[in-house]
Amino acid sequence: MSTGLDVADGLAIDRDLSHANTLALPSRAERFWHARSESDVVDGLQLANARGWPITVLGGGSNLLLPPAVGGLTLRADIEGVTFRQGRGDTVHVEVGAGVGWHALVEACVARELWGIENLALIPGLAGAAPIQNIGAYGVELADVIDWVELVDRRDARVQRLDRDACGLGYRDSVFKRELADQVVITRLGLTLSTRPRPQLDYGILRERVAASPSARDVFEAVCAIRREKLPDPIRTPNAGSFFKNPLVTAAIASRLLEQSPSMPHYPQPDGQVKLAAGWLIDQCGLKGHREGAFGVHDRQALVLVHFGGGTLEGLLAFADTLVAAVQARFGVVLEREPRCVEASGVDTPKSDASDG
């Protein structure tokens, strides 16, 4: 098929995206642009803006729900590279390209005996997506270590850098999901890690797995073991990791629920709210391992929805809605979805969000 676009050497037409999202939902991109550098990102955005194409940004596809067809231009920012620079005292500054696999970055840092992100091992996806969700697990968030985010504005292809405060990071939240939603492409991150041991072992299951005075490698391996026991490999069992956000409720609501269910996991937050475990809520509704057609709840971790094959986005969302309704009916708590949902036009739909840990 001829495109008639002699300026678009990097442009692919009618690209299969079924292997570009970890839920393996069937999907095709009308046009696809693979950016391997910041200048490639700028070129792709300028092309799309000149032609009036809507833009969908694709990372590792681990936090994305794709429709059967994505219009406009789908852009993947696959920028590689990790550099380490000694800072003051025990600090080390790390710069990482958006296309670097997140787990590979964690492993590289642990290999250098750097502390700060070892609890975030085996989180799927690419580094560029990490600030959008402010990824976190086992008591640690990206917000604890991030310094800056470099990005390209999708509207005018201008390169800029936001410091940590400007990123507006909160629990599974950031400015990239609010004011800058669908307006930028993240290209690089800057982190500050430490050579000084500072294990974060607030989660009991993690504390039980490591010895006193653990190394970063000890914590890393314990997290990997826990996650492998609980979570399916998306290569073998398509899934998007944690499908729902651990809900935050008021202290009064948490107290009421604890009267009904004294064993309910709950985690008081600095702002007075209490975080609940979405997987536990789903499990208590008897839905762990539940399956309806092409989709089901994982039999070891109720926070994970799996795709057995032959399903569509419409079917997945309908299945997720049944879980939300069940939890709300029993506990009065509304679960919110984690992965972002893309419309056929290439524009994100209004959504709620979620994640584990």
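Right above here is the structure, for reference.
This is a predicted model, so every value here is computed, not measured. Note on numbering: residues in each chain are counted from 1, in written sequence order. Local features in this predicted model are restricted to residues whose pLDDT is 70 or higher, and side-chain atom pairs enter the listing and the counts only when it is 80 or higher, whereas totals over whole chains, interfaces and linings include all residues. Note that water and hydrogens are dropped before the side-chain values are worked out from all heavy atoms of the structure.

How would you summarise the overall build of the protein chain if you had to cite specific residues and measurements?
Helix and strand assignments come from DSSP, with helices taken as H or I runs of at least 4 residues and strands as E runs of at least 2, each series counted from the N terminus. From N to C terminus, the protein chain includes eight helices and 20 strands. The principal-axis extents of the C-alpha atoms in the protein chain amount to approximately 65 × 55 × 35 Å. Throughout this description, buried means an accessible area under 20% of the type-specific maximum (1.4 Å probe, protein chains only), exposed means over 50%, and partly exposed covers the range between. The buried share among the 357 residues of the protein chain stands at 52%. By the convention used here, residues are in contact when the closest approach between their heavy atoms is within 4.5 Å. Long-range pairs, those at least 24 residues apart, make up 62% of the contacts in the protein chain with a sequence separation of at least 6. The Shrake-Rupley method, run with a 1.4 Å probe sphere, supplies the accessible areas, and residue values consider only the shown protein chains as cover. Accessible surface for the protein chain amounts to roughly 15500 Å². Of this, 49% is attributable to carbon and sulfur atoms. Positive charge is attributed to Lys and Arg, negative charge to Asp and Glu, and no charge count is given to His or to the chain ends. Positions of charges follow a simple convention, taking NZ of Lys, CZ of Arg, CG of Asp or CD of Glu. Across the protein chain, the centroid of the 37 positively charged side chains sits 2 Å from that of the 45 negatively charged ones.

Give a description of the nonpolar core that names residues and reports values.
In this structure, W102, L105, I117, L142, F176, L191 and L206 are the most contacted members of the largest nonpolar core, which totals 49 residues. Elements represented by at least two residues in this core include exactly β7 (91-97), α2 (102-111), β10 (146-153), β12 (184-194) and α5 (216-230). The element contributing the most residues to this core is α5, with seven residues. Aside from chain neighbours lying at most four places away, what touches L142 is W102, L120, A130, P131, N134, I135 and L191. Nonpolar cores were defined as sets of buried Ala, Val, Leu, Ile, Met, Phe, Trp, Tyr and Cys residues, with membership established by side-chain atoms within 4.5 Å.

Got a sec to walk through the sheet that holds strand β15 (residues 266-268)? Specific residues and values, please.
Strand pairing is assigned whenever DSSP identifies at least 2 bridges connecting the two strands. Across the sheet, three strands lie side by side as β14-β16-β15; this open sheet has antiparallel pairing. Sheet topology places β14 (248-249) and β15 at the edges, where each strand pairs with a single neighbour. Sheet topology places β14 next to strand β16 (residues 274-276); two bridges connect them, and they run antiparallel. Bridge assignment links L248 to a residue of β16, and that residue is K275.

Provide a residue-level description of the pattern of salt bridges, including the pertinent values.
One side-chain nitrogen of Lys or Arg within 4 Å of one carboxyl oxygen of Asp or Glu is enough to make a salt bridge. Tallied over the entire structure, the rule returns 13 salt bridges. E150 is the salt-bridge partner of R161, the closest N and O atoms lying 3.0 Å from each other. Placement of the pair is R161 in strand β11 (residues 159-163) and E150 in strand β10, with a sequence separation of 11 residues. Residue classification places R161 among the partly exposed residues on the basis of a relative accessible area of 46%. Overall, E150 belongs to the buried group, its relative accessible area being 13%. In this structure, the salt-bridge partner of D283 is K288, at a minimum N-O distance of 3.4 Å. Residue class for D283 comes out partly exposed when judged on its relative accessible area of 29%.

Give me the lowdown on the environment of P262, citing residues and values where you can.
Topologically, P262 is positioned in the loop between α6 (251-260) and β15. It is 20 Å that separates the C-alpha atoms of P262 and K288, two residues lying 26 residues apart in sequence.

Could you give an account of unusual backbone geometry, with specific residues and numbers?
If you check the backbone angles, D14 has positive phi at about 55° while not being a glycine. Relative to the helices and strands, D14 is located in strand β1 (residues 11-16). Even without glycine at this site, A24 takes up a positive phi of about 55°. Examined against the element boundaries, A24 turns out to sit in the loop between β1 and β2 (28-35). Relative accessible area serves as the criterion here: at 30%, A24 is assigned to the partly exposed category.

So what's going on with the pairing of strand β19 (residues 304-307)? Residues and values would help.
Across the two faces of β19 the burial is the same, with V304 and V306 and L305 and H307 all buried. Here strand β13 (residues 239-242) pairs with β19 via two bridges, running antiparallel. Looking at the pairing, S242 lines up with V304 of β19. Between the antiparallel neighbours strand β18 (residues 295-297) and β19 lie six residues.

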